[in-house]
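Observations on the model geometry
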Amino acid sequence: MKDKFAFTLLLFVTALLNDATCSKSSLRFEVIADWGGLPVFPYKTFVELSVGREMSYLASKFGIDAILALGDNFYLNGVKSVDDLRFKETFETAFNYESLHVPWLVVAGNHDYYGNVSAQIAYTKISDRWFFPDFYYMKRFNVPLSNMTVDVIMIDTVLLCGHTDPKHPYKQLLLDSVPLKTRKKHWKWIEDTFKSSRANYVLVCGHYPVYSIATHGPTECLVDQLQPLLIKYRVTAYFSGHDHNLQHIQVQERGQTMDYFVTGSANFIDPSTKNKNEIPPGSLRFRWGDPFSLGAFTYLDISSSNMTVTFILSSGKTLYVSSKKPRYYN
């Protein structure tokens, strides 16, 4: 309780300092991944419910503009159709809070591809908060009380890098199961989108991590092909899930700093560090994976001066805070 009070007080004081009139002076997101409940009754986990409750508490106190949901939205095999009861039982009822009735920007994970991803896209026309218009897309936001912008670029890492085997979902290498033409089209869209963005902050979100020290480890095709683009076009940060814990990995390359955040602990928690030697030396800034906890999520506060990334336990405790300046000022 003390931790929750301290975090609440910190955000309140920050708001006062940023804006003496106390009107909203920043853009605020919550970020979750690997949050997709259970395939059998009650279709939810205690972790998912606990994370949703704390997300709603934070949102009710400070207001959020959107939730970024980064794949594995429905365990273990996605959904079958747009009428699948999992939309109601795992999403609508588990996160049935007024404060969470904001746009949910969704992208697919490997477990979603074991089912019907097109049905998840179609659900956009049924739900007034589920926003999944295509397999990959970009949405622009304005930072309050400024003329600064944030581009959120949602990419489909399964299309880019292939499926995992449903019988062995924790095994890399990824299966070469996506047509080359589909991959090339997505890679071209990514570079064209990066190149054309003049936003002050660019957030790229996908399911597979670029780097991870946990069970799955780094995603080779993203290290080889996505990271050079992230650095070339000065992307602010990359957010992902797939591994069920929290990580901040910061890579220095070509005079640029690239920040990778893994936030996959909204349903299950994995304490593994089996791939700790597979990331660039000295790049791990933070890691958390307590299997006895009830999960965690990420909170983003983006103002005209900086973006603050906070990892928060479902109990309300602040685990870690990092900040990043905008790419440039208007």
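Note: the structure precedes this text.
One numbering rule holds for all chains: residues counted from 1, following each sequence as written. In view of the model being predicted, local features appear only for residues whose pLDDT reaches at least 70, and side-chain atom pairs are presented and counted only at 80 or more, with totals across whole chains, interfaces and linings using the full set of residues. The basis for every side-chain value is the complete set of heavy atoms in the structure, and neither hydrogens nor water enter the calculation.

1. Brief notes about the packing of aromatic side chains
Filter applied, for reference: Ring geometry is summarised as follows: Phe, Tyr and Trp rings, the Trp one being its six-membered ring, pair when their centres sit within 6.5 Å, and such pairs are stacked at plane angles under 30 degrees, edge-to-face over 60 and tilted between the two. Each helix is a run of DSSP H or I of at least 4 residues and each strand a run of E of at least 2, with the numbering of both proceeding from the N terminus. Here's how the labels work: a residue is buried when its accessible area is under 20% of the maximum for its type, exposed when over 50%, partly exposed in between, all with a 1.4 Å probe on protein chains only. In our convention, an over-ring charge means Lys NZ or Arg CZ found within 6 Å of a ring centre and within 35 degrees of that ring's normal.
Throughout the structure, instances matching the rule amount to 26 aromatic pairs. Ring centres 6.4 Å apart and planes at 55° place the aromatic pair W35 and W130 in the tilted group. Taken together, the residues W35 in the loop between strand 1 (27-32) and helix 2 (46-62) and W130 in strand 4 (residues 130-131) connect sequence positions 95 residues apart. Centroid distance F91 to W130: 5.0 Å. Interplanar angle 65°. Geometry classified as edge-to-face. Here F91 is found in helix 3 (residues 86-92), whereas its partner W130 is found in strand 4, with 39 residues between them in sequence. Take F91 and W130: they sit in the same class, and that class is buried. Site record: aromatic cluster; members linked through ring pairs are W35, F74, F87, F91, F95, W104, Y123 and W130. Over the ring of F131 we find K139, and its NZ or CZ is 5.2 Å from the ring centre. The residue whose ring lies beneath K139 is F141, and the NZ or CZ to ring-centre distance is 5.7 Å.

2. Observations regarding the environment of V117
For the record, the criterion: Contacts are assigned to residue pairs that have any heavy atoms within 4.5 Å of one another.
Along the chain, V117 turns up in helix 4 (residues 117-122). Ignoring sequence-local partners within four residues, the contact set of V117 consists of A108, D112, F132 and F135.

3. Here we look at the sheet that holds strand 1
So the rule is basically this: Two strands qualify as a pair provided DSSP detects at least 2 bridges between them. The convention used is that axes are lines fitted to C-alpha atoms, helices contributing only their stretch in contact, and that angles between N-to-C directions extend from 0 to 180 degrees.
On the basis of which strands lie adjacent, the open sheet formed by seven strands has the order 4-3-2-1-12-13-14 and mixed pairing. The open sheet terminates on both sides in strands that have one partner only, identified here as strand 4 and strand 14 (318-324). Across five bridges, strand 1 lies against strand 12 (residues 296-302) in antiparallel orientation. Looking across to strand 12, one finds that F29 is bridged to L300. Its contacts with the sheet place helix 2 against strand 1, strand 2 (66-70), strand 12 and strand 13 (307-313), and it is angled at close to 20° to strand 12.

4. Topic: the sheet that holds strand 11 (residues 284-288)
Spatial strand order, 5-6-7-8-10-9-11: seven strands in an open sheet with mixed pairing. Strands with a single pairing partner mark the edges of an open sheet, and in this sheet they are strand 5 (137-142) and strand 11. Pairs of neighbouring strands in the sheet enclose a mean axial angle of 20°, with direction left out of account. Where strand 9 (residues 246-253) and strand 11 come together, four bridges link them in antiparallel fashion. Residue pairing for strand 11: Q247 is matched across the bridge by R287. Relative to the sheet, helix 6 (residues 180-196) contacts strand 5, strand 6 (149-154) and strand 7 (201-205), its axis offset from that of strand 6 by approximately 175°. Of the strands in this sheet, strand 7, strand 8 (237-240), strand 9 and strand 10 (256-263) are in contact with helix 7 (residues 220-232), which crosses strand 10 at around 125°.

5. Quick notes on helix 7
We apply this condition: Here a helix's expected span is defined as the number of its residues, less one, multiplied by 1.5 Å.
Given a rise of 1.5 Å per residue, 13 residues ought to cover 18 Å, and the 18 Å separating the end C-alpha atoms of helix 7 matches this to within 8%. All of the buried residues along helix 7 are C221, L222, V223, L226, Q227, L229, L230 and I231. Looking at the residues trailing helix 7, positive phi occurs at R234, about 55°.

6. Points about the pattern of salt bridges
The line we're drawing: A pairing counts as a salt bridge when a side-chain nitrogen of Lys or Arg comes within 4 Å of a carboxyl oxygen of Asp or Glu.
What the rule picks out here adds up to nine salt bridges. The salt bridge involving D301 is made with R28; its shortest N-O contact spans 3.3 Å. Of the two residues, D301 sits in strand 12 while R28 sits in strand 1, which places them 273 residues apart along the sequence. The salt bridge involving R129 is made with E92; its shortest N-O contact spans 3.1 Å. Residue R129 is found in the loop between helix 4 and strand 4, and its partner E92 is found in helix 3; the two are separated by 37 residues along the sequence.

7. Brief notes about helix 2
Taking 1.5 Å as the rise per residue, helix 2 with 17 residues should run 24 Å; its terminal C-alpha atoms sit 25 Å apart, in good agreement. The complete set of buried residues in helix 2 reads V47, E48, S50, V51, G52, E54, M55, S56, L58, A59 and F62. Of the residues trailing helix 2, G63 is marked for its positive phi of about 75°.

8. Quick word on unusual backbone geometry
Residue P42 follows F41 across a cis peptide bond; omega there is 10°. Here P42 is to be found in the loop between strand 1 and helix 2. Along the chain, Y75 connects to L76 via a cis peptide bond; the corresponding omega equals 0°. Tracing the backbone through its elements, the reader meets L76 in the loop between strand 2 and helix 3. Positive phi outside glycine occurs at R254, with the angle close to 55°.

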